[in-house]
Amino acid sequence: MSGSVRFVHAADLHLDAPFKGVDAEDPRVRAALIAATVGALDTLVEVCIERRADFLVLAGDVYNSMDAPLRTEFAFRDACARLDAAGIRVFVARGNHDPASSRSAGLALPANVHVFSADEVERVVYEREGRPICALYGRSFRTAAETANFAAGYARDPGDELAIGVLHTNVGDRPGHGPYAPCSIGDLRAAHMDYWALGHIHKPEVLSQDPPIVYSGCTQGLHPGETGDRGCTVVTLDRHGATLERVSTARVVWAAATVSAVGLDDIDAVRGALLAEVDRVVRDTGTAPGTPAVLRIDLTGRSGAHAALARPKALDDLLADIRGAGLSRDPWVWVDRVRDRTMPAIDLDLVRSGSDFAADLVSLADSLLADSDALGAYVGALAQPILGTLDSKDLFEPDARDIIERARDLALDRLMAEERR
Amino acid sequence: MRLRRIEAVRYGRLAGATLGDLSDQLTVVLGPNEAGKSTYTSLVRHVLFGYPAAGRKEPGYFTGGDGRLARLVFEDGDGSWVVERSEGPHGGVVRTRALAGVERPDLVDELTQGVSALAYRIVFGFGLDDMAAIEEQRAAGDDVLSRLYAASAGLRVSPHEVRAALEKDAGEVYTPGGRKRELNTLLAELRAVRTEERSLKAQTEAYSTDRERLSLLREQLPELRDTLERSRAELTALAVAVDRGDERLAAIDTQEESLIGLRQERRRLIEELDAIELDEALLGAGPELDALLDEAPLYIEQAREIAASEASLAKASARVGDVVGRSGLDETALSMFGDNHDDASMIEETREALQRLQLQTDNRAETVARAAAAAAQARTAAERVLVPLGIVSEDPADAIAERLAALEALEASRADAGGRAARSFDAPSLILLASGVVAIVTGVLVREWTTAGLGAVLVVIGLWFLVRARAGVPTVLDDDARVALRVLGLEQDAGTLDLSRMRRSLEAARTAVAALEAATAAHDEAVRDAALARGALETRMALWRSWLAERGLSPDLSPAGAATALASAREARMARQTESELRDDIARRISALDRFLERLAVAATPHIEVPSPMTRDALPTVVNRLRERLVEARARAARAEELRREIRPADARIAAEEERLEKARADVREILERFGLFEGGTLEDLRLRRHAAERDEADASAAFEALVGEISALEARLEQGAREQRSAELSLTEAGLVERVTDAVDRHLVAACAARLLADAQQRYERERQPEVVREAGRLFSTMTQGRYQSLTVPLDSGRIEAFDCQAAARTSDLLSRGTAEQLYLAIRLGLIARSGAVGSSLPVLMDDVLVNFDPERRTGAVEAIAQLAEERQVVFFTCHPETAQVFRDVADGCTLLEIGRIGP
């Protein structure tokens, strides 16, 4: 083997993953979100072709589920066919979302696609003009819950001039992520690969520089929590090392912001601050300028505008206005939510020190906040009827402290900030 | 701050009225019915809180014109201010101005801080009709007590209202059992979306079956494809072989048929060639005959032209005879006359000369006649002059000259002797003289000699008279004179006039004689000229006749007749020339034609029948026949050549076809041998094997097509499903709905918790703070009822107030008598006001005859309680009962009494 290779490392495409936590009313936004994961795949293909990659490495979770929608299978097959036409091979390791046991339409993938075995670590040699260039080692998930340490089965052949490991794994058993194919960085280093192409963690991250152990991250953020850049890693690898380049593939960028309402005394001022945040998002969408964004904003701080915001429908009207403005931008910004976390411009300590009705109110809230059991029971008693109407999948645990604090502020605001009737 | 005056500028029936000054503490206003007591109470409230609009239940106290206008005057230690409310929208326009002290534009807000219009009406400015309102409002959910308490705590709104609003907010999201709430709507939508998702999921399950079937079919596909391809390959080979064998057999049949045809054709060509008889002699003479045939049209045309020329010749001969006959000339004349140009010239010259000479002769004769006449006239004129003078001499001119000489001598004599006679002009003489001169000149110019002669006579006469006139004076004659007189034939006494007359006569005579001589000379000359002209004419005629004779023509022939004869002679000669030329031409043509006919006859005789002798008329027929014969011979020769050319390639084709036939037979043998069919094998055997292979291929193809069709159908179905985005749409919709549900639950919980906190705080208030008000009210109620009732309670969960009597028996307000209940309500009001602290502290408490239903004892107790309140707050009590006013006066020291009268007439 000799020479260098250029390949694109991607993972966690989660084709056709349903977006959660977003309330997209606008048809344009809905269409963009629905097409986002498949669109990211298209962008990935374009990146491979434009960068003249030798091959594409997909480190798991191409599909979002074991029973992926048909259109995703067709989309993936078509994407591979485009790469085949461009002479670019595709190496796929299955992950926990699309293990080998997944149901498939049985669509025949083009000849340029190789799916790593789920039985053992498989070594595949990439050749150029009949000459071996590098070896790729990979293993697919057989089932969704593979908890064995797959990395331990990887071992570089001494004859490999260049070796690439492909694995869908939770390195270091990170909390918040499924404990699938867990391993440590030491396990990975022990395999003596020149590059580790990992999948499973959606946020791009380089765990090690030597050798490069890389989570390329998902190609498209899937929910409001997956903010910022999402894409793939273009790798140029030779005997001397690897050069990495991040390329964005997301068709929609998720963004979140906290806007302080301190010093803002009315709705107009709040609107101005929100529009400024929208414009900031338009200007800065990570490494993908020109990409539409879904933005969530929390309004915080003690503000003179709190009372105005607390008026019925005031926030809804403001949100509708901001959404319209965001959609008129290029690229558009869908303001998914503006959450009012402002507090009335009331000195709670001063109120608390009094002996009037407001003091009674604050005192009552304080006593609840000081007793978590009582707090839970107090909020739970009110929440139980309404939560009982929800499906179990929609149930959530209300943040009793947050609710009581906001309820206290709301009541005080109505009592003290309301115009005299 | 205290209310000092109430001024009704325009306010119902109180227009222009003023009430004041009011006391800082207690003022009792006593007035009869219709004095405006209730109106003043309303006025204060309206100025502070706004005029009621039209249509409200309470009286509006409307006025016409500029609308309502009322004022309140407040005072404190810093100054005094007028609060004025005028008519306007939203309760009217309120203005505050300082009468003393600094301006306080927010005075109304300060005064009414924490007190709503309703609270004011219920607690601060009430009448008998408002007494039960506290309890009624509480029963209706409007807790005036808590409202007042909230106001005392600096809260702008009632906790009760806030709580209601929050509960409303929470209820809009969710109410247990409530329909069409926001959450219920969202949940309904969510359920609908999930139902559809489940439906799609079931559909997906169907797709899964399809996928599995598709995978199985794809596994079967390669084997079936191989089988099909093998059977197709065998079938193709057999089909190709059979087709090729069939093709070769068909080729053999075709080639055999072709050979038969070719051979038959060759035989036919040879037979036809043999049947053709060639006229070699004719073909050999072809060039010569062609040349003759080429010339023949020319001679045929010449024959036609000869016939035409002969006709023309006959016409020319007839014309010659006709012309000669018409000319009347004999052959000699025709031959001699007009044969040259000189004859015509001669004839023309003669004609012109004779005409000219005849004309000249005629003119000269006329001139002679005219000259003779002139001479006769001149002679007569001369005789008329001469005779009177006595001159008859043959030579009158000499006689006249002699006499003139004598006259001149006489005149000279007289001139010498007698002097000169006076000259005078004789006009007639001058006229005659001038006329004569004119006539002479005219006659000479026009060669009118008679005129000229007459002119001369006139001149002479004129001169005579002129001379005679000049000789009018007689003279003494001398001898010469006398001689002269005698010569003249005059008397001795002849005077000058006579002399003049004589002179004129002589002069006239001399003129006449001269004229006569001239006329005579002219006549003579004319006669000579006429003779010469006649001679010339005769000479010319003689010459003409001689010329005619020389040509044998009649001497009497005039030049015109000669000219006609000349034309006839020329025409006759031309006709004869034409005739001659035609005759020569015909002869020449006939000669050439005859030579051609001879040549043609010689050349054609061996080949066709030719008349002998050969005539011009037979020429076309012979030519045509010869040409046809020649064409026919040549056509046969050409056909024979063509047949010979066709026979050669036919031989070659026959040879090639025989070779191909043999090759095709060899191919068939090779095909059969390739499939093991050697001796005895036929193409039919091969065909049977192909039919078997076709059945095999059809079976394999059907199986393969069925498989592929099923795969295609499955793929199409799956692809159709793949294009379906509904699931993704639903997922997104579900996500949005879940978000909204979560948000709604959150909002509901926050609002519900806030309402709950408020309720709990209210309960704490009622439990911990309300008793002070109730205790105070109980104390006042006890005072009013002289201890009949000891205390009060206001249960939290009840709208009713309970009173406890001295036996601790509780009675709810609805069980009290009217008077007692009113005392209870008054006590509560007074308790509220007493414990409301700073709330409404500057507002006056106005009571409108609220004690009418009290018995005297309790009235006194009530007055005492009111008096106590007045120590803290300003109280204005309106009554129409003097005894009540008296009670106030008795009980309350310093009480101010104002009396007002009835309004209007």
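Bear in mind that the values here come from a model prediction, so they are computed numbers and not experimental data.

The rules behind the values
- For every chain, the first residue of the written sequence is number 1, and numbering continues from 1 onward in sequence order.
- As a convention, the first chain written is A and the first ligand written is 1, with the rest following in written order.
- Restriction of local features to residues with pLDDT of at least 70 applies here, the model being predicted, together with a cutoff of 80 or more for giving and counting side-chain atom pairs; totals for whole chains, interfaces and linings are based on all residues.
- Side-chain numbers here rest on the full set of heavy atoms in the structure, without hydrogens or water.
- Elements are defined by DSSP. Helices are runs of H or I of four residues or more, strands are runs of E of two residues or more, and each kind is numbered from the N terminus.
- Burial classes: relative accessible area under 20% of the type maximum marks a residue as buried, over 50% as exposed, and values in between as partly exposed (1.4 Å probe, protein chains only).
- The contact definition used throughout considers only heavy atoms, calling two residues in contact when any of these lie within 4.5 Å.
- For the accessible areas, the method is Shrake-Rupley and the probe is 1.4 Å, while residue cover comes only from the protein chains on display.
- The charge count treats Lys and Arg as positive and Asp and Glu as negative. His and the chain ends do not count.
- Every charge is mapped to an atom, namely NZ of Lys, CZ of Arg, CG of Asp or CD of Glu.
- By salt bridge we mean one thing: a side-chain nitrogen of Lys or Arg within 4 Å of a carboxyl oxygen of Asp or Glu.
- Here the nonpolar core consists of buried residues drawn from Ala, Val, Leu, Ile, Met, Phe, Trp, Tyr and Cys, with membership extended through side-chain atoms lying within 4.5 Å.
- Pairing of N or O atoms within 3.5 Å defines a polar contact, subject to two protein rules: one partner must be a possible hydrogen donor and the other a possible acceptor, and residues neighboring in sequence count only if both atoms are side-chain atoms.
- These domain limits were set by an automatic method or by a database of domain assignments.
- Two parts placed together each lose some accessible area; with a 1.4 Å probe, that loss summed over both constitutes the buried area.
- By the convention used here, strands pair only if DSSP detects at least 2 bridges between them.
- Charged residues are taken to be Asp, Glu, Lys and Arg, nonpolar residues to be Ala, Val, Leu, Ile, Met, Phe, Trp, Tyr, Cys and Pro, and polar residues to be all remaining types, Gly included.
- The axes are straight lines fitted to the C-alpha atoms, using for helices just the contacting stretch, and the angles between their N-to-C directions are given from 0 to 180°.

## A few points about the overall build of chain A
- Secondary structure assignment for chain A yields eleven helices and 15 strands.
- When the backbone C-alpha atoms are referred to their principal axes, chain A occupies close to 90 × 45 × 40 Å.
- Counting every position in chain A, which comprises 421 residues, the buried fraction comes to 55%.
- Sequence separation of at least 24 residues holds for 71% of the intrachain contacts in chain A that already meet a minimum separation of 6.
- Surface accessibility of chain A: about 16,500 Å² in total, with carbon and sulfur atoms responsible for 49%.
- Separation between the mean location of the 45 positive side-chain charges and that of the 63 negative ones in chain A comes to 3 Å.

## What about the pattern of salt bridges?
- Here the structure, examined in full by the defined rule, presents 86 salt bridges over all chains.
- For Arg296 of chain A, the salt bridge is made with Glu739 of chain B, and the minimal N-O distance between the two is 2.7 Å. Within this pair, whereas Arg296 of chain A is found in strand 14 (residues 293-303), its partner Glu739 of chain B is found in helix 20 (residues 726-768), the two belonging to separate chains.
- For Arg296 of chain A, a relative accessible area of 15% gives the class buried.
- Among the ionic pairs, Glu658 of chain B bridges to Arg263 of chain B, the shortest N-O distance being 2.3 Å. Highlighted residues: Glu658 of chain B in helix 18 (residues 619-674) and Arg263 of chain B in helix 7 (residues 182-275), separated in sequence by 395 residues.
- For Arg263 of chain B, a relative accessible area of 38% gives the class partly exposed.
- Linked through salt bridges whose partners overlap, the residues forming this network are Arg5, Glu7, Asp21, Arg71, Glu84 and Arg97 of chain B.

## What to know about the nonpolar core
- With 83 residues, the main nonpolar core has Leu826, Met847, Leu851 and Ile866 of chain B as its most contacted residues.
- With nine residues, the top contributor of residues to this core is helix 22 (residues 818-835) of chain B.
- In contact with Leu826 of chain B, other than residues within four places in its own chain, are Phe126, Met131, Met784, Met847, Leu851, Phe854, Ala862 and Ile866 of chain B.
- Counting 51 residues, the second-largest nonpolar core is a separate cluster that includes Ile346 and Ile403 of chain A together with Val162 and Val741 of chain B.

## So, the environment of Tyr215 of chain A
All names here are of chain A.
- Position of Tyr215 relative to the elements: it lies in strand 10 (residues 212-215).
- Here the alpha-carbon distance between Tyr215 and Gly176, two residues 39 residues apart in the chain, equals 16 Å.
- Apart from residues lying up to four places away in sequence, Tyr215 is in contact with His9, Thr169, Asn170, Val171, Leu198, Gly199, His200, Ile201, Lys203, Pro204, Glu205 and Leu207.
- At 2.9 Å, the side chain of Tyr215 and the backbone nitrogen of Val171 are in polar contact.

## Notes on the domain arrangement of chain B
All names here are of chain B.
- By domain assignment, chain B separates into domain 1 (307-337 + 555-602) and domain 2 (343-542).
- Distance between the C-alpha centres of domain 1 and domain 2: 75 Å.
- With seven residues of domain 1 in contact, the opposing surface of domain 2 contributes six residues.
- A combined buried area of about 460 Å² lies between domain 1 and domain 2, and 83% of that area is made up of carbon and sulfur atoms.
- If you sort the residues of domain 1 by the area they bury against domain 2, Phe337, Pro559 and Leu566 come out on top, with a joint share of 72%.
- Our count for the contact surface shared by domain 1 and domain 2 stands at zero salt bridges.

## Side note on the pairing of strand 5 (residues 79-86) of chain B
Residue and element names in this part refer to chain B.
- Of all eight residues in strand 5, eight are buried, a share of seventy percent or more.
- The alternating pattern of strand 5 places Gly79, Trp81, Val83 and Arg85 and Ser80, Val82, Glu84 and Ser86 on opposite faces, both of which are buried.
- Pairing between strand 4 (residues 69-76) and strand 5: eight bridges, direction antiparallel. Note that in strand 5 the partner of Ala70 across the bridge is Arg85.
- In sequence, strand 4 turns back onto strand 5 through a hairpin of two residues.
- The pairing of strand 5 with strand 6 (residues 93-100) spans seven bridges and is classified as antiparallel. Note on strand 6: the bridge partner recorded for Glu84 is Arg95.
- The turn linking strand 5 back onto strand 6 is made up of six residues, and His90 within it adopts a positive phi angle of 55°.

## Looking at the interface of chain B and chain A
- With 68 residues of chain B at the interface, the matching set in chain A holds 65 residues.
- In total, about 5,800 Å² of surface goes out of reach between chain B and chain A, with carbon and sulfur atoms giving 62% of it.
- In this assembly, chain B and chain A are joined by ten salt bridges.
- The shortest N-O distance in the salt bridge between Arg740 of chain B and Asp23 of chain A comes to 2.7 Å.
- Taken together, chain B and chain A are joined by 15 residue pairs in polar contact (both at pLDDT 80 or more).
- Listed by contribution, the elements that provide at least two residues to the side of chain B that touches chain A are helix 2 (107-112), helix 6 (159-173), helix 7, helix 19 (683-723) and helix 20 of chain B.
- Among the elements that line the side of chain B that touches chain A, the one with the most residues is helix 20 of chain B, at 30 residues.
- Of the residues assigned to the side of chain B that touches chain A, the class counts are 32 nonpolar, 14 polar and 22 charged.

## Side note on the sheet that holds strand 10 of chain A
Residues and elements named next belong to chain A.
- Strand order in the open sheet made by the six strands is 5-6-7-8-10-9, with mixed pairing throughout. Among the strands making up the open sheet, the edge pair consists of strand 5 (122-128) and strand 9 (205-209). Strand-to-strand twist in this sheet, taken as the mean axis angle between neighbours without regard to direction, amounts to 20°.
- Across five bridges, the pairing between strand 7 (residues 163-168) and strand 8 (residues 195-199) is parallel.

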